[in-house]
Amino acid sequence: MNLASYADLAVDLVNTRHPDGDDLHDLDGLRALLAHRPHLAGRVAHRDLDAMRELRAQLHAIFAAAARGDDDDAVDRLNTMLIHHPVHPQLARHDGPDWHLHFNQAGSVPDRYAARAAMGLAAKIAAQGADRLGVCRADGCERVFIDTSANRTRRYCSERCAGRPSVTAASHREPSRVIVPMRDGGQ
């Protein structure tokens, strides 16, 4: 089990809130988030939707602290999550003879999601550092990401946002003047 892979759960949940809206505006949005995660499947109710929105805010605060260079705050917040949403690993064997780790499937959907996301972020920070967690620097975008670049230089959530600053800067420049010569030799 690659624990760090669970960090993507945190990114996916936080990014359900974006400049165009909120993908968790109803239970169908929550079901869509969970649809391709059979290990998190289960019945969901409005209290689960509220819990997932609260979890989203907590995870965003971790990314924001890391992005501003406050590793201690990010780790304190993450450790609090790990205490409130403990992981219960167990050994399992399927699809082959080797034993491997799985997380216990007990608890509500939000609790299981929180435990996995927190463990993923903890493993990522322990292996690569909190500076790998980022918040997009494009104006108006609050999406988060995990920087996988070799030189730790990622600043935007996507290519689209990375291109936005140059477009904005270009639109604020004075238009260039084009001199068109007259055909009749006049001036």
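Along each chain, residues carry numbers from 1 onward, in the same order as the chain's sequence is written. Per-residue local features of the predicted model are confined to residues with pLDDT of at least 70, and side-chain atom pairs are confined, for both listing and counting, to 80 or more; whole-chain, interface and lining totals are unaffected and use all residues. Side-chain figures throughout are based on the complete set of non-hydrogen atoms in the structure, without hydrogens or water.

Naming follows an unreviewed UniProt entry, where the protein chain appears as CGNR zinc finger domain-containing protein of Actinomadura syzygii.

Draft legend 1. Highlighting the confidence of the model for the protein chain. Summary of the metric used: pLDDT quantifies the predictor's per-residue confidence within the range 0 to 100. When pLDDT is averaged along the protein chain, the result is 85; 87% of the residues meet or exceed 70. Segment residues 166–183 is flagged for pLDDT under 50; beyond a separation of four residues in sequence, or across chains, it makes 1 contact in the model. Here, residues are in contact when the closest pair of their heavy atoms is within 4.5 Å.

Draft legend 2. Local environment of unusual backbone geometry. In this model, Arg152 sits at a positive phi of 55°, which is unusual for a non-glycine residue. The secondary structure listing takes helices from DSSP runs of H or I that are at least 4 residues long and strands from runs of E that are at least 2 residues long, numbered from the N terminus. Examined against the element boundaries, Arg152 turns out to sit in the loop between β6 (144–146) and α6 (159–172). Relative accessibility decides the category of a residue: with a 1.4 Å probe and only protein chains considered, values under 20% of the type maximum give buried, values over 50% give exposed, and everything between is partly exposed. Residue class for Arg152 comes out partly exposed when judged on its relative accessible area of 33%.

Draft legend 3. Structural context of the nonpolar core. To define a nonpolar core, start from buried Ala, Val, Leu, Ile, Met, Phe, Trp, Tyr and Cys residues and group those joined through side-chain atoms within 4.5 Å. In terms of nonpolar packing, the biggest core is built from 38 residues, with Leu59, Phe63, Tyr113 and Leu121 touching the most fellow members. Contributing elements (two or more residues each) for this core: α1 (7–14), α2 (27–34), α3 (46–67), α4 (71–84), α5 (109–128), β5 (133–135) and β6. Excluding residues within four positions of it along the chain, Leu121 makes contact with Ala7, Ala10, Leu59, Ile62, Phe63, Leu78 and Leu133. In this structure, Ala138, Cys141, Cys157 and Cys161 belong to the second largest nonpolar core, which totals 6 residues.

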